[in-house]
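Take a look at the letters that make up each chain.
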Amino acid sequence: MDHADPCAVNSLVETPGCSPIEGRVVWDPRHSLWNGAMLAAALIFGAKTFSLAAVAVFVVVTGTTLLLGHSVGFHRRLIHGSFDCPLWLERVLAWFGTLVGMSGPFWMIRTHDIRDWAQRQTDCHDYLAHRRPMAVDAWWQMHCRLVLERPPQFELGRIGRDPFYRFLERTWMLQQLPVAAALWLMGGWGFVVWGVCARVSASVIGHWFVGHLAHRRGPQTWLVREAGVQAHDVPWAAIPTMGEAWHNNHHAYPGSAKIGLYPGQSDWGFRFIQLLERLGLAWDVRTPESMGPRPLNRVVAKI
């Protein structure tokens, strides 16, 4: 994962003739049935098992998995390598990322990196750009996958060879079972419905919704030259996404552990990394100041 360019797309290998444009969207039964089942269970049983304690469990477990797992573990560590930490801690954070319930680590890395690479090109498929109307994009992103005619290749390196990550990739759905068992012992089926089904469904839908908005509308501070897809910030989602909603900043400096770059931009993910750094559990933490200018001056400030 070490690159001279800290903003490189780490796992993707461009092959001769590969293109992010031509392709077809096909139904993804595994993720579609999983996402549909979680949403159905939340809608059918959520009201019947409602309690303030169950909602509190939903808030705490959702916040914990999104912060430790999705934002810090998957996105800032495994995908971008924006800080270093002990292997045991990286694996713990990746387990929390798997608990979010969107998929395993390999699928998350590939899905992120192909979109990241495609959006940097002068043009890409509508699926990768979130160009279609909201209802179509929701169906595509949560129930389908894109099959490119000339796809790039992927090399996950050390992460792809790690037996623990291979285990998580094979069993990502089953990882909810120990959480469900613990919640059931703590508070019965209400805790399971709200702490697993409602949490997973909210995380999946929220991830799509913020991602859709972040490529369609909202404030911009930066433009990336030659990129066919520009990003926007989604300020209201900064806290629930742990800082990930400052997506315009992220497109400008994708290798940075710090995404909320300006005063008032909440970034709990970076604050947690700073805490790890103070405890001696994180080092080589990248920020725009330490990274220097993007190669070829590809980023320009928008006044």
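In this text, all values refer to a predicted model and were calculated from it rather than measured experimentally. (Residues numbered from 1 in each chain as written. Predicted model: local features only at pLDDT ≥ 70, side-chain atom pairs only at ≥ 80, totals over all residues. Heavy atoms only, no water.)

Engineer: Help me understand the overall build of the chain in this model?
Structural biologist: Counting its regular elements, the chain contains 13 helices and six strands. Once the C-alpha set of the chain is aligned to its principal axes, its extents read approximately 55 × 45 × 40 Å. Here the chain holds 303 residues, and the buried ones make up 57% of them. Restricting to contacts in the chain with at least 6 residues of sequence separation, those with at least 24 account for 75%. Charge separation in the chain, taken as the distance between the mean sites of 28 positive and 23 negative side-chain charges, equals 5 Å. (Helix = DSSP H or I, 4+ residues; strand = E, 2+ residues; numbered from the N terminus. Buried < 20%, exposed > 50% of the residue type's maximum accessible area, 1.4 Å probe, protein only. Contact = heavy atoms within 4.5 Å. Lys, Arg positive; Asp, Glu negative; His and termini not counted. Charge placed at Lys NZ, Arg CZ, Asp CG, Glu CD.)

Engineer: Just checking my understanding: could you explain the UniProt feature "transmembrane region" (unreviewed entry) in the chain for this structure?
Structural biologist: Following the UniProt record, one finds the feature "transmembrane region" (unreviewed entry) at residues 37-68, 88-109 and 181-210. Secondary structure across residues 37-68 comprises 81% helix and 0% strand; the distance between its end C-alpha atoms is 25 Å. From the first C-alpha to the last, residues 181-210 spans 31 Å; its make-up is 97% helix and 0% strand. (UniProt positions renumbered as here; feature names shortened; annotations may be inferred.)

Engineer: Help me out: how do you make sense of the packing of aromatic side chains in this one?
Structural biologist: Applying the stated rule across the entire model yields ten aromatic pairs. Ring plane angle 75° and centroid distance 5.5 Å describe the contact between W34 and W172, whose orientation is recorded as edge-to-face. Of this pair, W34 sits in helix α1 (residues 29-45) while W172 sits in the loop between α8 (163-171) and α9 (176-187), and the two are 138 residues apart along the sequence. There is no split in this pair, since W34 and W172 are both buried. Judged by centre distance (6.1 Å) and plane angle (55°), the ring pair of F164 and Y165 falls under tilted. Relative accessible area serves as the criterion here: at 0%, Y165 is assigned to the buried category. (Phe/Tyr/Trp six-rings, centres within 6.5 Å; stacked < 30°, edge-to-face > 60°.)

Engineer: I keep staring at the pattern of salt bridges and nothing clicks. Help me out?
Structural biologist: Opposite charge on two side chains makes pairing possible when the charged atoms of those side chains draw close. All chains considered together, the criterion is met by eleven salt bridges. Residue E22 pairs with R150 through a salt bridge whose shortest N-O separation is 2.9 Å. Here R150 lies in the loop between β3 (144-148) and β4 (153-154) and E22 lies in the loop between β1 (12-13) and β2 (23-27), a separation of 128 residues in the sequence. Owing to a relative accessible area of 31%, E22 belongs among the partly exposed residues under this scheme. Overall, R150 belongs to the partly exposed group, its relative accessible area being 41%. Note that E90 and R77 form a salt bridge whose closest N and O atoms lie 2.7 Å from each other. Within this pair, whereas E90 is found in helix α3 (residues 87-99), its partner R77 is found in helix α2 (residues 52-79), the two being separated by 13 residues in sequence. A relative accessible area of 2% places E90 in the buried class. (Salt bridge = Lys/Arg side-chain N within 4 Å of Asp/Glu carboxyl O.)

Engineer: Looking at this structure, I do not really get the side chain of T287. What am I missing?
Structural biologist: If you trace the backbone, T287 turns up in the loop between α12 (268-278) and α13 (288-291). A relative accessible area of 15% means that T287 is categorised as buried. Here the side chain of T287 touches E289 through a polar contact of 3.1 Å, side chain to side chain. Residues in contact with T287, not counting those within four places in the same chain, are S256, K258 and F270. (Polar contact = N/O pair within 3.5 Å; in protein donor to acceptor, adjacent residues only side chain to side chain.)

Engineer: Can you walk me through the nonpolar core in this structure?
Structural biologist: In a soluble, globular protein the nonpolar side chains are often hidden away together inside. V72, L78, F83, L93, Y165, L183 and F272 are the most contacted members of the largest nonpolar core, which has 55 residues in total. Ranked by residues supplied to this core, first place goes to α2 with eleven residues. Beyond its immediate sequence surroundings of up to four residues, F83 is in contact with V72, R76, R77, L93, I273, A282, W283, D284 and V285. (Core = buried A, V, L, I, M, F, W, Y, C linked by side-chain atoms within 4.5 Å.)

Engineer: What's the story with helix α4 (residues 105-120) in this structure? I'm lost.
Structural biologist: Because an α-helix completes one turn every 3.6 residues, residues spaced three or four positions apart along the sequence face the same direction. The terminal C-alpha atoms of α4, which comprises 16 residues, lie 23 Å apart, in line with the 22 Å expected from a rise of 1.5 Å per residue. The element α4 is largely enclosed, with a buried count of twelve among its 16 residues. Of all the positions in α4, only P105, F106, M108, I109, D113, I114, R115, D116, W117, A118, Q119 and R120 are classed as buried. (Expected span 1.5 Å × (residues − 1).)

Engineer: Would you mind going over the environment of Q176 with me for this structure?
Structural biologist: By secondary structure assignment, the location of Q176 is in helix α9. Residue classification places Q176 among the buried positions, given a relative accessible area of 3%. Spatially, the C-alpha atoms of Q176 and V192 are 9.9 Å apart, while their sequence positions differ by 16 residues. Those residues in contact with Q176, other than ones at most four positions away along the chain, are W34, T98, L99, V100, G101, V196, R199 and V200.

Engineer: Please explain a nonpolar patch on the surface as it appears in this structure.
Structural biologist: On the surface, a nonpolar cluster with roughly 450 Å² of combined accessible area is contributed by L39, L43, I44, F45 and I205. With four residues, the single largest contributor to the nonpolar patch is α1. Here I205 shows up in helix α10 (residues 189-214). For I205, a relative accessible area of 32% puts it in the partly exposed group. (Patch = residues over 30% accessible without salt bridge, like charges linked within 9 Å, V, L, I, M, F, W, Y side chains within 5 Å. Areas by Shrake-Rupley, 256 points an atom, 1.4 Å probe, with all protein chains shown as cover.)

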